[in-house]
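# Descriptive analysis of the structure
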Amino acid sequence: AQRVTQPEKLLSVFKGAPVELKCNYSYSGSPELFWYVQYSRQRLQLLLRHISRESIKGFTADLNKGETSFHLKKPFAQEEDSAMYYCALSGRAGGTSYGKLTFGQGTILTVHP
Amino acid sequence: DTGVSQDPRHKITKRGQNVTFRCDPISEHNRLYWYRQTLGQGPEFLTYFQNEAQLEKSRLLSDRFSAERPKGSFSTLEIQRTEQGDSAMYLCASSLQQVAGGPDTQYFGPGTRLTVL
């Protein structure tokens, strides 16, 4: 079974402070991890994916298979980063291809001026 | 706008009525997904199509729910005999299957908010 846990429902930081949104997963096969973001009144959109190993809007995330974590980090938070963030997992097992996403419950990030 | 579109954006219905939602994916995408999201939760997978074939259905998808993608383009999700517990945001996403078998990137629509009175 696939499971994603985001332990923090709410996270508040001040502008310029570092931010880390935690994500832990459970999956026995080959997982791929994603971070999706939803800004106020906008649709869900991809922020970054593990396989791309890129930094988007200053955010990075490292897949730690030993700790089964995929935490999202940014060294200096900006007010425009305030949004809902979802960690998601897509799994492949038994020769099947990747398909559905399993999402965590989400973390609301608020960056104060 | 070439993104995923959903219609209607909002639907209010009385318990026991049938409702149908439509999703139009990004034109070249061969995969289409349906998710449901309730307040305070992340999206939960319902079903997905590859072209016109329905490849997976969640246990969440009771017999009252049916989804179709008859020509491999748009999709409809129908809920029969709606219940108050069906009230949620219904999200559609589309993607292009990766030839090498890697994970595809899913692009989401704005969702249809269903309220069952």
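The structure we're discussing is the one just above.
Residues numbered from 1 in each chain as written. Chains lettered and ligands numbered in written order. Predicted model: local features only at pLDDT ≥ 70, side-chain atom pairs only at ≥ 80, totals over all residues. Heavy atoms only, no water.

## Things to note about the packing of aromatic side chains
Applied cut-off: Between 30 and 60 degrees the pair is tilted, below 30 it is stacked and above 60 it is edge-to-face, where a pair is any two Phe, Tyr or Trp rings, Trp via its six-membered ring, whose centres lie within 6.5 Å. Secondary structure follows DSSP: runs of H or I at least 4 residues long count as helices, runs of E at least 2 residues long count as strands, and numbering of each begins at the N terminus. Summary of the burial criterion: residues with accessible area below 20% of their type's maximum are buried, those above 50% are exposed, and those between are partly exposed, where the area comes from a 1.4 Å probe applied to protein chains only. Charge-over-ring placement is defined geometrically: NZ (Lys) or CZ (Arg) within 6 Å of the ring centre, and within 35 degrees of the ring normal.
Under the counting rule described, the total for this entry stands at 13 aromatic pairs over all chains. For the pair A:Phe103 and B:Phe108, a centre-to-centre distance of 6.0 Å together with 75° between the ring planes defines the contact as edge-to-face. Here A:Phe103, found in strand E10 (residues 102-103), pairs with B:Phe108, found in strand E10 (residues 107-108), and the two come from separate chains. For A:Phe103, a relative accessible area of 9% gives the class buried. By relative accessible area, which is 2% here, B:Phe108 ends up buried. Each ring, one from B:Phe21 and one from B:Tyr90, has its centre 5.4 Å from the other, and the planes form 45°; the classification is tilted. Of this pair, B:Phe21 sits in strand E3 (residues 19-24) while B:Tyr90 sits in strand E9 (residues 88-95), and the two are 69 residues apart along the sequence. Here the two residues B:Phe21 and B:Tyr90 agree in accessibility, since each one is buried. Ring pairing ties together the aromatic residues A:Phe34, A:Tyr36, A:Tyr86, A:Phe103, B:Tyr33, B:Tyr35, B:Phe45, B:Tyr48 and B:Phe108, which thus form one cluster. Over the aromatic face of B:Phe74 sits the side chain of B:Arg22, whose NZ or CZ is 3.9 Å from the ring centroid.

## What about the interface of chain B and chain A?
Applied cut-off: Contacts were defined at the residue level, with two residues in contact if any of their heavy atoms lie within 4.5 Å. Note: buried area is the sum, over both parts, of the accessible area (probe 1.4 Å) each one loses when the two are combined. Only one rule defines a salt bridge in this text: a Lys or Arg side-chain nitrogen within 4 Å of an Asp or Glu carboxyl oxygen. For the purposes of these results, a polar contact is taken to be a pair of N or O atoms within 3.5 Å, where, inside protein, one atom must be able to donate a hydrogen and its partner to accept one; residues adjacent in sequence count only when each atom of the pair is a side-chain atom.
If you look at the interface, chain B gives 24 residues, while chain A gives 19 residues. When the two sides are added together, the surface that chain B and chain A hide from each other amounts to roughly 1800 Å², 49% of it contributed by carbon and sulfur. Summed over the shared surface of chain B and chain A, the result is one salt bridge. Of the charged contacts in the structure, one is a salt bridge between B:Glu56 and A:Lys100, with a shortest N-O distance of 3.1 Å. Between chain B and chain A we count 10 residue pairs in polar contact (both at pLDDT 80 or more) in total. Among the secondary structure elements, those contributing two or more residues to the side of chain B that touches chain A are strand E4 (31-37) and strand E5 (44-50) of chain B.

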